[in-house]
Structure formats: C-alpha cells, structure tokens
Amino acid sequence: MIRIVSTTSTLAGSILLLAFVCLASTAVYAEWQTLKEDGLHDPLNPALQWLQNPGDALGRMPSDSAGNKVDWVRAFEDGYIRPRSSIHGEAEVKQLDTEIIMNDTGSLPRVMFPHKPHTRWLDCENCHEQIFKSKAGATPVTMSKILEGEYCGVCHGAVSFPLTECNRCHSVPLNGTAKSQ
Amino acid sequence: MKKYDENVVLAIVLLLSMVLVAVDLLTTRDAHAEYGDVVINKYSEAAGMRPVVFPHWFHRVRFRCKVCHADLGFKFEAGGNEINMLKIIDGEYCGACHDGDLAWSVENCDLCHSGAPGTPTQVHESTLQKLVAPTGGKATE
C-alpha cells in the first residue's frame, strides 16, 4: 500500500473519526423504542402503523437524561411545543412566579419548588387545595408519601421527571441563604 | 515532535470506537419513551378488547396538563376514572376530543385499544412500579 498520507494527517483523520463516532453515539443513545417493540403495545395490532412512534416526535426536542428523555419544561419555554391551554385554543392561564423552600429535609439539601414551570402546565386547582394547602408549610409532605404516589408523587414518578432525580428538587444547599416561606 | 506509528494510532482509535459503539448499544435500552404511558384495562379485556394505551407524551405535546386534568376532569390516577365507551361517545373524557373532528372518532377501535393482551392497568415505567417490582412483570420487560 502506498503511503500518501503523513503521520500528522493520519492523526488528524483518526481524531475526526473518533469525533464522528462520538457524535453518532449521541444519536444512537437518544433512540426511543418503537411501539411495536416497547412491550406495551400488541405487535400484532395492524393499527400500530397509523400511530406515531415516540422517537419521531421526541427526537426533535431538548433532551434530558431521565423519563421520556425530553426536557419538557425547556421544550415548552423554547417554543419546541405550544400545548393548548384549552381544547379549542387559548384560554386564560394563571401564572405564578414564586418559589417555595421546604426546610424540613433532614441532612439532604432543601427543596425548592418553583411555581413558574408548574403553572405553565397546570391550573391552580390541580394542586390546591386538595393535594397541597395554599399556605406554605401546612402540608405534611414526606418522601415516603411521595414515593407512594401522593403529593409531588402524583405527577413526579409517573409523568413528570422521575423520583430518582433527587437533586432537581433537593437543590438548595443546607448552608445556603434560603429563607423559610 | 515524536513520530507515532500511524497503524498503532489507527488501531487505538478503531478500538476506542468499537468500545463506544458497544457502550451505546448497551445503554440504548435505557431510553423508555413510554414513561408515563397509561394502560387502562378496567373493562377492556373483559369485554373482548385489547387494553387501552394512553400515551402521555403524545398528548402533552399538544395540550397542557390542565386541559384534561382540570377542564375534562380526569383524575391523576390510572384506573381512577370511570371511563366507558358510552361516556366517550357522549363527549365525556376521551370523547371531548376524540369525536372525529379534533381527533379520530370511536370507530377506530384499534388505535386506542392497542395494548398487549394481559397488560394490567398501570402507569408504565413509574418510579413506584420500578421500586415495587424492579425486575418487572410482563409490562416492564
């Protein structure tokens, strides 16, 4: 074989190849199972061909490491999706931009609950007053209740980011400056 | 500059590539788009139909949670709603949209009744499901 490339360009080529493989690997990682293979749908159902496969929609959205592998809050904020606020179009949306700090977290970082991303998706009445009292600190939230599907666990761990993502809620360091609300 | 043997460099890069691809192939299975999919099999199979699979991901692309969970009255609980075909035809629950106008109508049975036979009512891939049965049953394989 005639060597027409110098060592330097071979090195450069190799690095390029490695970079390409790394990029390709990210693409492979982001793949979603098709409905036929997901173990949940009946592969013998002929109507599956008419249903959208998750990857076709979710592959275009900001990625996340858990759940659907989609950062739904960012997808909404950055305009990847524009979910309607009522069946037939737009209705008034009550937005709230306050943060609640939960201090009673033992040795774990405190919990910061941001109203903003929640009120983009949900109506006040979805959480108040049945699941959570409006008065901060008046609801006896515990991790075991959450894991059983109560309080935050009504959505988190079922459809919003899963409960294995501890740091997303427990985000305020214990020695931080957060004040009780 | 120190000269490298290009064959050795190439071999190392190829080996690294293969390792990366192998890692990818192994980790791909972690991606579950069906996180949040709800299987509803309260009455379906008893009535000779496949269970219903409700894909949360598909619906939340188009509607905010409050549309179904506040406006339409869906409770936040798989199997917690008394849904039946009569109510749907009457415009309640799924029937609020699945009326042949906004979304497909009730004649398209197999589009909703698309679940694998024997799958119980559940929120698929939920943290609770994973904690209770980490190895998974039929539906979590």
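Summary of the structure given here. Because the structure is predicted, anything quoted here is derived from the model rather than measured.

1. Section: the overall build of chain A
Along the backbone of chain A there are 7 helices and 3 strands. For chain A, the N- to C-terminal ordering of α and β elements is α-α-α-β-β-α-α-α-α-β. Classification of the 181 residues of chain A by burial places 35% in the buried group. Accessible surface computed for chain A: about 11,100 Å², of which carbon and sulfur atoms make up 58%.

2. Structural notes on the pairing of strand β2 (residues 110–114) of chain A
Residues and elements named next belong to chain A. Here 4 bridges tie strand β1 (residues 99–102) to β2, and the two strands are oriented antiparallel to one another. Following the sheet pairing, I100 is matched in β2 by F113. As paired elements, β2 and strand β3 (residues 170–172) share 2 bridges and run antiparallel to each other. Paired with V111 across the two strands is H170, which belongs to β3.

3. Some details on the interface of chain B and chain A
Each partner contributes residues to the interface: chain B has 61 residues there, and chain A has 67 residues. Counting each side, the surface lost to burial between chain B and chain A is near 5,600 Å², with a carbon and sulfur contribution of 64%. Taken as a group, B:Y35, B:R60 and B:R64 account for 16% of the area that chain B buries against chain A, more than any other trio of residues on that side. Run the count over chain B and chain A and you get 2 salt bridges. The salt bridge involving A:E90 is made with B:R64; its shortest N-O contact spans 4.0 Å. Of all elements in the fold, only α1 (6–27), α2 (56–62), α3 (65–71), α5 (109–112) and α6 (127–132) of chain B reach the threshold of two or more residues within the side of chain B that touches chain A. Its residues placed into classes, the side of chain B that touches chain A shows 33 nonpolar, 15 polar and 13 charged.

4. What about a nonpolar patch on the surface?
A surface patch of nonpolar side chains, amounting to about 440 Å² of accessible area, comprises A:M143, A:L147, B:L128, B:L131 and B:V132. The set of elements that each furnish at least two residues to the nonpolar patch consists of α6 (143–147) of chain A together with α6 of chain B.

5. A look at the sheet that holds strand β2 (residues 52–54) of chain B
All names here are of chain B. Overall, antiparallel pairing links the 3 strands, which are arranged β2-β1-β3 in an open sheet. Each end of this open sheet is capped by a strand with a single partner; those strands are β2 and β3 (122–123). As defined by bridge partners, strand β1 (residues 38–40) adjoins β3 across 2 bridges and the pair is classed as antiparallel. Across the sheet, residue V38 finds its bridge partner in β3, namely V123.

6. Considering the layout of surface pockets
The calculated volume of the second largest pocket comes to roughly 300 Å³. Contributing to the lining of the second largest pocket are A:E125, A:N126, A:Q130, A:I131, A:G149, A:V154, B:H69, B:G73, B:F74, B:K75, B:F76 and B:E77. In terms of residue class, the lining of the second largest pocket is built from 4 nonpolar, 5 polar and 3 charged.

7. Re the nonpolar core
Membership of the largest hydrophobic core comes to 13 residues, with the highest contact counts inside it found for A:L58, A:M61, A:V70, A:W72, A:I81 and A:W121. Secondary-structure elements contributing two or more residues to this core are α2 (54–58) and α3 (72–77) of chain A together with α2 of chain B. For this core, the leading source of residues is α3(A), giving 3 residues. Ranked by size, the runner-up nonpolar core spans 8 residues in total, among them A:F132, A:I146, A:C155 and A:L163.

8. Considering the sheet that holds β1(A)
All names here are of chain A. Spatial ordering of the open sheet is given by β1-β2-β3, a layout of 3 strands whose pairing is antiparallel. With one partner strand each, in any of the chains shown, β1 and β3 form the two edges of the open sheet. This sheet shows a mean twist of 55° between the axes of neighbouring strands, independent of strand direction.

9. Considering the side chain of A:H41
Of note, A:H41 is situated in the loop between α1 (7–29) and α2. Here A:D38 takes part through its side chain, which lies 2.8 Å from a polar atom of the side chain of A:H41. Those residues in contact with A:H41, other than ones at most four positions away along the chain, are A:L35, A:L48, B:D37, B:V53, B:S114, B:G115 and B:A116.

What counts and how
Residues numbered from 1 in each chain as written. Chains lettered and ligands numbered in written order. Predicted model: local features only at pLDDT ≥ 70, side-chain atom pairs only at ≥ 80, totals over all residues. Heavy atoms only, no water. Helix = DSSP H or I, 4+ residues; strand = E, 2+ residues; numbered from the N terminus. Buried < 20%, exposed > 50% of the residue type's maximum accessible area, 1.4 Å probe, protein only. Areas by Shrake-Rupley, 256 points an atom, 1.4 Å probe, with all protein chains shown as cover. Pairing = 2+ DSSP bridges. Contact = heavy atoms within 4.5 Å. Buried area = accessible area lost by both parts, 1.4 Å probe. Salt bridge = Lys/Arg side-chain N within 4 Å of Asp/Glu carboxyl O. Nonpolar A, V, L, I, M, F, W, Y, C, P; charged D, E, K, R; others polar. Patch = residues over 30% accessible without salt bridge, like charges linked within 9 Å, V, L, I, M, F, W, Y side chains within 5 Å. 1 Å grid on protein atoms, 1.4 Å probe; cavity = no way out; pocket = protein on both sides within 12 Å on 5 of 7 lines; lining within 4 Å. Points joined across faces, edges and corners; volume = space filled by probe spheres on them. Core = buried A, V, L, I, M, F, W, Y, C linked by side-chain atoms within 4.5 Å. Axes fitted to C-alpha atoms, helices over the stretch in contact; angles between N-to-C directions. Polar contact = N/O pair within 3.5 Å; in protein donor to acceptor, adjacent residues only side chain to side chain.

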